[in-house]
Structure formats: C-alpha cells, structure tokens
Amino acid sequence: MSRYFTEDHEWVDVEGDTGTVGITEFAQGQLGDIVFVEVPEAGKALTKGGDAAVVESVKAASDVYAPVSGTVTEGNPALADNPALVNEDAEGQGWFFKLTLSDPSELSSLMDEAAYADFVAKQ
Amino acid sequence: MSEADLIDDTGPDDGGEPAILPLPLDAWHRARGGRMVEFAGYHMPVQYEGVMPEHLWVRESAGLFDVSHMGQLLFRIEEPAEAGADLDGALESVLPGDIAGLKQGRQRYSLLLAEDGGILDDLMVTRLPDENPFDVRGLYMVVNGATKFDDIAYFLDQLPEDVLINHMEDQALLALQGPKAVDALARLVSGVRDLVFMTAAAFEWDGKPLWIARSGYTGEDGFEISVDGEHAEALADALCEQPEVKPIGLGARDSLRLEAGLPLYGHDLDETITPVVADLGFALSKRRREAADFPGAERILAERENGPAVKRVGLLVEGRQPVREGAAVLGADGGEHGRVTSGGFAPSLGAPIAMAYVPAALAAAGTRIQLSQRGKVHHATVTAMPFVPHRYVR
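What you see is a predicted model; the values in this text were computed from it and never measured.

The next thing to look at is the sheet that holds strand S6 (residues 51–57) of chain A. Residues and elements named next belong to chain A. Taking strand neighbours across the sheet as the criterion, the 3 strands line up as S4-S6-S7 in an open arrangement whose pairing is antiparallel. Since the sheet does not close on itself, it has two edges, and those belong to strand S4 (34–38) and strand S7 (61–65), each with one partner. Going from strand to strand, the sheet's axes swing by 25° on average, the running direction of each strand aside. Examined bridge by bridge, S4 and S6 share 4 bridges and lie antiparallel to one another. Within the sheet, the bridge partner assigned to Ile 34 lies in S6 and is Ser 57.

Have a look at this one:
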C-alpha cells in the first residue's frame, strides 16, 4: 500500500485500484474542531481536483477535492455521528471516502510522504 | 482542500511595505500562539487553542479579547463654547437615541443613520463623567473597526463645526468577558464590582488610568477596558495571570455574539437595512420617536407602525450541517425570499444556528422554513433570540 498527498492537503492510500481518501493531520489542525462532514455517496464519479466532500469547522466550510479520478464506492459512515473523528485520527479512522481509481497514472503527479512533509514545512 | 481557510500570516514578514497595520498587542498575540489573520485592515488573532474550547471557556469562566481595531472616539464642543452650542443635539441629528437624556457614566447602544434611515454603523455611546482619563467633557463612543474611517468622515460632514472629534488611535481596547470576569478584574482594579451593565467609570491600575464599561459582545457579564496602547501588554499579561482568564480570538467572538443574537455590522446590518427591519427598534428612544426628528424617521416610524416587509430573525437549523452567510431563504414557491446573514455551529448548543432576513409572513417564532445552500435544501425553525440567554449584571 502506498500513500500519496496533494498540495490541497488531501491524502490517498492506494491498494490495487482502490483508493481511500482523507484530509491530512496538518489540515485538521488548521481547521480546528470539525462539526460536520459531507461525504460523497457510492456511485458518484469524481474528477481529479474536483469537489468531492465538504468539511465544516465552527468558523468555516471547506471543500475537499478528489486527489485522483474515480468512482466512489463508500463514504465513511462513522463521520455522520462523530465528525470529531477527523480531529482525533485524520489519517486513519477519520477517512472520508473510498473510490475505484479510473486512471492510476494520475498518482505520479502527487507527493509522497517526505515531499509532503517538506511542502508543509514551507507553509 | 480549499486554500483560503488554511492561509494565515503568522509566518515571518517578507520585508515589504506593511499594507496591514499591527495593533498594540500584535507581538503579545503571536507570543501566545495566536493565529493571525487580516481583519478590518489589521492583523488580528482568529484563535489560540481553537474556536470551540475558547468559546466554551468564555461561557464558563472568562476570556480576554483584543478589540483595539475598533474606533474609540471623543466628542466635545470647542472651547470657548458659543451660545447655543449643543453637542447632544448634534449627535441626535445622526443617531435615533436619546443622547440628551444620557446621564454621566451611562452607556447606550445606538445606530449611525444615513439620511434615508439606512444603518451606517452600530455603536456604543457613553456620557463622560467629570472625572475621566481623557480629560474631556462630552461623549465617548466605540464604533466598528471596519467602518470607523467612514463614520468619522460622515460625522465631520454632518455635525456643526464647533463639535470636535478625537479619534484615539493610540488607545487599546480590551474586552474581558464571562461569568468570572468580575472576579478576575476586581483582583486588579478595586471598585469594578460597583459598575452595572451599561455603565462606565474611570479607574486606575498600576498607576495607569483606565476607562472601564460593564458591557460587551458575548451575552455574558463582562467589561470593556480602554487603556493607553503603551500599557496594553502589561495589563493583558496581568489579566491572563488570573486563573479565570485565557486569551480568546475573533473566531469565538463571532460564535459567542451569534449565540447572543447580536448583529454584526457588514453582515447582519448595512446601509440598506433600517432599525425596525433589523429588529433593533429598542434603539429608537421614546422621545425621539415622538419628535420624529431622526434621519429616515418617516420611513422608520411607518415600518414600526405597520410592521416591516422583511425582518431579521433567528433560526435553529435542523441536522448538524451549518448554514452560513449567503444561503437563500426559500418561499413556498421555491424562489428566494430572503438571505442568511450569519450562520455557524453554536458550541454552547451543539447545533447549527443562523440569523436571516425573512418576509414578514415567515417571521413569527415557530415558523418552519427552507434554506438553500450550495444546491442543498436545509430546514430551520424561526426562533426568538438570544439563542443562549444573556447573563448581564444589572
């Protein structure tokens, strides 16, 4: 399994042609207490860089973009009742949705963990 | 994720011309971990440890807010005063409140009105007692930071030439808010317990003069403390050394005032809105209504008599997703009949709330309405404000 990162602070874990997407630890820290997450429904087609989900803190709503193109297979059902999971475990149990990648070659444009750490250090 | 929410300017300065001005406590906020953002032309802390814990701390203990971006103005008559000089009458030409009836040390909420009765700003005005740190006989006023320069220009244009206006740009303003604010402040400044809500007086701390009002913008008991900017850091340090007090950012200031049902100028109020439409009819003093001698009086009194066509109301939003400023209020026909002007998650209620302008037919408490945000329909119920009861000490 490999983990990739976007400059918009999403992560995607890829295993075969299945990806699991969430926002990074850095992003949840910047947002503060998360009070609502709107995840996409199964079957929704997403385009790399397009709107995929919405995350709401006390003070603002933020769009979450699809790190890669594909078709959603599942939104994280645990976030409906417990959006704070994103604060507690952004890069684990606080995942947003899973999708089937339609173009795995898109992954080459994303950052690996070390590159993302460098990117965040410059923020 | 969308970038705008993640950008802050806490990082090192790039050495260019400062387009945004620092306030007296700028370094103090940064040293305490405040995340700085641009607000009303200044760098201001939006949060320290987080909006949610800061909000809840103010409701149960006490929080220190730096509101030095707000405009602190003094009004007086030029000496020697000519016969017939009338400071109160001058202010009453642009405000609908009974200024002449304002006793020394009494504070009043009022509205700066355009000629047509539209709201140019909302403000607090206080009659200075004989003893005050500004050594002025007249009125002290606090106006919004984002509107202060426009307000001053309007006053200069509208008021007689013998009315002198002093904008105290070097004066800091600190708000200490919460049920334990009085305990913390009384330890440093004796006598503040004697103030009641909407009164103000001169005090001293560490030999420095303070001007303190018992009022605020959170719905809680609390104080607003005007202090020379040079002494602001020392006072802020002394206040935050009190076990009840933590520094609080603008994020929680906004969620606290929303729960308290208090409008925010530039969002819930603007020049197209009149006092009655804004549900701020209490700012129209009885004597002024009877005399009908304030800007826009004919229009405003007709709205008061017949009921306004639209009105500011509070909304309890169903579900967990906040409905924010800009969302549409839908009518029975599915069309847009109003707008949400403030909205967010209410930490003290654990639910989303909002303020909106709705047609009179939808304005009664208990009315269930539909809102539309980013293509999604939300349900809400009109409710009396405040959402969280005020706890002023009267």
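With that settled, consider the pairing of strand S9 (residues 171–177) of chain B. Residues and elements named next belong to chain B. When you tally the buried positions in S9, you get 7 out of 7 residues, the bulk of the element. Neither face of S9 is exposed, since Gln 171, Leu 173, Ala 175 and Gln 177 on one face and Ala 172, Leu 174 and Leu 176 on the opposite face are all buried. Inspection of the sheet shows strand S3 (residues 62–66) paired to S9 by 4 bridges, in the antiparallel sense. Note that in S9 the partner of Asp 66 across the bridge is Leu 174. For S9 and strand S12 (residues 222–228), the ladder comprises 7 bridges, and the chain directions are antiparallel. When the sheet's bridge partners are listed, Leu 174 is paired in S12 with Ile 225.

Below, the discussion takes up the nonpolar core. In terms of nonpolar packing, the biggest core is built from 29 residues, with Leu 64, Leu 185, Leu 210, Ile 212 and Phe 223 of chain B touching the most fellow members. Ranked by the residues each element gives to this core, the list is headed by helix H6 (residues 229–240) of chain B, at 6 residues. Not counting residues up to four positions away in its chain, the partners in contact with Leu 64 of chain B are Trp 28, Leu 174, Ala 175, Leu 176, Ala 236, Leu 239, Cys 240, Val 245, Lys 246, Pro 247 and Ile 248 of chain B. Formed by 26 residues, the second largest nonpolar core is a distinct cluster that contains Val 58 of chain A together with Leu 74, Tyr 140 and Ala 175 of chain B.

Right, let's talk about empty space enclosed by the protein for a bit. All names here are of chain B. Following the criterion strictly, the structure yields 3 cavities of 30 Å³ or more and no others. The space that makes up the largest cavity amounts to roughly 50 Å³. Along the walls of the largest cavity sit Gln 107, Thr 126, Tyr 140, Val 142, Leu 173, Ala 200, Trp 211, Ala 213, Glu 224 and Ser 226, which together make up its complete lining. Looking at the lining of the largest cavity, the elements with two or more residues in it are strand S7 (139–143), strand S11 (208–213) and S12. A breakdown of the residues in the lining of the largest cavity according to their chemical character gives 6 nonpolar, 3 polar and 1 charged.

Turning to helix H5 (residues 181–188) of chain B, a few remarks are in order. Residues and elements named next belong to chain B. Listed as buried for H5 are Ala 181, Val 182, Ala 184 and Leu 185. Projected onto a plane normal to the axis of H5, the buried residues spread over an arc of 165° and lie on a single side. Elements that come into contact with the buried residues of H5 comprise S3, S9, S11, S12, H6 and strand S13 (245–247).

Before going further, it helps to examine the packing of helix H2 (residues 51–60) of chain B against helix H7 (residues 250–259) of chain B. Residues and elements named next belong to chain B. Look at H2 against H7: their axes get within 8 Å of each other, and the N-to-C directions meet at 55°. When the axis of H2 is compared with that of H7, the two are oblique. For the pair H2 and H7, the sense of crossing is right-handed. Each of Val 51, Glu 54, His 55, Val 58 and Arg 59 in H2 lies in contact with H7, whose residues at this interface are Gly 251, Ala 252, Ser 255, Leu 256 and Glu 259. Across the contact of H2 with H7, the residue classes tally to 4 nonpolar, 3 polar and 3 charged.

Once that is clear, we can look at the domain arrangement of chain B. Residue and element names in this part refer to chain B. Taken domain by domain, chain B holds domain 1 (3–68 + 170–259) and domain 2 (309–394). Computed from C-alpha coordinates alone, the two centres of domain 1 and domain 2 are separated by 29 Å. Domain 1 puts 15 residues into the contact, and the matching count from domain 2 is 19 residues. There are 1 salt bridge connecting domain 1 and domain 2.

The rules behind these values
Residues numbered from 1 in each chain as written. Chains lettered and ligands numbered in written order. Predicted model: local features only at pLDDT ≥ 70, side-chain atom pairs only at ≥ 80, totals over all residues. Heavy atoms only, no water. Pairing = 2+ DSSP bridges. Helix = DSSP H or I, 4+ residues; strand = E, 2+ residues; numbered from the N terminus. Axes fitted to C-alpha atoms, helices over the stretch in contact; angles between N-to-C directions. Buried < 20%, exposed > 50% of the residue type's maximum accessible area, 1.4 Å probe, protein only. Core = buried A, V, L, I, M, F, W, Y, C linked by side-chain atoms within 4.5 Å. Contact = heavy atoms within 4.5 Å. 1 Å grid on protein atoms, 1.4 Å probe; cavity = no way out; pocket = protein on both sides within 12 Å on 5 of 7 lines; lining within 4 Å. Points joined across faces, edges and corners; volume = space filled by probe spheres on them. Nonpolar A, V, L, I, M, F, W, Y, C, P; charged D, E, K, R; others polar. Arc of directions from axis to C-beta. Parallel < 35°, antiparallel > 145°, perpendicular 65-115°, else oblique. Left-handed = near helix turned anticlockwise from the far one by under 90°. Domains from an automatic or database assignment. Salt bridge = Lys/Arg side-chain N within 4 Å of Asp/Glu carboxyl O.

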